Amino acid sequence: MAISLAERRQLSRALSRVIDASVESSLGGLVESSARDARRVGVTGSPGAGKSTLISRYAKLRLDQGIQTGILAIDPTSPISGGSLLGDRIRMDTVADDPRLFIRSIPSRSANDGLCDNVSDLMSIMNGFSFNEIILETVGVGQAEYAVREQVDTLVLVLIPGSGDAIQAMKAGILERADIYVMNKADLPGAEKSRAEIMSVLGYRQPDANGWSPKLIMASAEDGLGVDELAMAIDEHQAVLAAKVDTDQVRRDRRAYHLRSLLARRVDEIIQTMDASSLDGPMNEVFVRIANAIIPKK
């Protein structure tokens, strides 16, 4: 059953309140994880890899399967103008107007890890509604954005033929962290060569702590090739997690990320409001001054 209009409005208002919330406001209105847990699927990859188109195809399949799906799509914020295009609804035209789907584009703001400010709270809010599955699309600024790993259960890395970044991705860490790899635009020249390269890299990976070995799927988001296979791979990975994952440790890891994010943003807030001369003097004194300001005096 599709999310109701009343629920959409309630969810949209809740997300809007949190998107621009300061650290103090975030702490004052924390949303703890609900007893129910929607499946969380992260999709990352370089710009131009076709993440949004692939997600739209995948979401359409899930909706047709009766799986209530929500999408948080993070768009980059310009460091110069501070604006964001928020164009994922345009790129997901295959499914954007489907009344069964909820899509929200989120500006990355000050975050530089491929996610956005208050992402932990945003995911918790989404989880409190009746979604069976939540898809989190990262900014796609590069292959080093593996912070998403802490926010999702299944991480999908989208690659394209001839990108030449497979080994660099391995060095950056993201290739070692994804659960499923999608070679998108598999109809382009060089797809088989890229497939062989990725398979060679993945051959060195051992099964993870849950016994999962990564899968590589050849796909073409334009015509839907590989989308069924992707859905089956995600289902298979989720089944492994349901049987073996330590849910308490998952909760702790997500809370640790949330705390690190809040502290980093709080320090940034303090520095931005400090007089320039306050940054002068011995570094240890400036450090103590900032540390003492993290928790406001009552």
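These figures come from a predicted structure and were not determined experimentally.

Draft legend 1. Structural context of helix α10 (residues 247-273). Taking 1.5 Å of rise per residue, 27 residues should cover 39 Å, and α10 covers 39 Å from first to last C-alpha, within 8% of that figure. Among the residues of α10, Arg254, Tyr257, His258, Ser261, Leu262, Arg265 and Ile270 are the ones counted as buried. Tucked into the core, α10 has its buried residues touching α2 (23-28), β1 (39-45), α5 (119-127) and α11 (283-293). Here α10 starts with a cap whose side-chain oxygen sits 3.1 Å from the backbone nitrogen of Asp248, and that cap is Asp246.

Draft legend 2. Structural detail: the confidence of the model for the protein chain. The predicted model of the protein chain averages 83 in pLDDT, with 82% of residues at 70 or higher. When the criterion is pLDDT under 50, residues 78-84 qualifies, and its contacts beyond four places in sequence or with other chains add up to nine contacts.

Draft legend 3. Up close: the sheet that holds strand β2 (residues 69-75). Taken in spatial order, the seven strands make up an open sheet running β3-β2-β4-β1-β5-β6-β7, and their pairing is parallel. In this open sheet, the two edge strands, each paired with only one partner strand, are β3 (102-107) and β7 (215-218). Taking each pair of neighbouring strands and ignoring which way they run, the sheet shows an average axis angle of 20°. Bridging between strand β6 (residues 180-183) and β7 involves four bridges; their strand directions are parallel. The residue bridging Val182 from the neighbouring strand is Ile217, located in β7. Here helix α3 (residues 51-64) sits on the sheet in contact with β1, β2, β4 (133-137), β5 (154-159) and β6, set at roughly 175° to β4.

Definitions and cut-offs
Residues numbered from 1 in each chain as written. Predicted model: local features only at pLDDT ≥ 70, side-chain atom pairs only at ≥ 80, totals over all residues. Heavy atoms only, no water. Helix = DSSP H or I, 4+ residues; strand = E, 2+ residues; numbered from the N terminus. Expected span 1.5 Å × (residues − 1). Buried < 20%, exposed > 50% of the residue type's maximum accessible area, 1.4 Å probe, protein only. Contact = heavy atoms within 4.5 Å. Polar contact = N/O pair within 3.5 Å; in protein donor to acceptor, adjacent residues only side chain to side chain. pLDDT = per-residue confidence, 0-100. Pairing = 2+ DSSP bridges. Axes fitted to C-alpha atoms, helices over the stretch in contact; angles between N-to-C directions.

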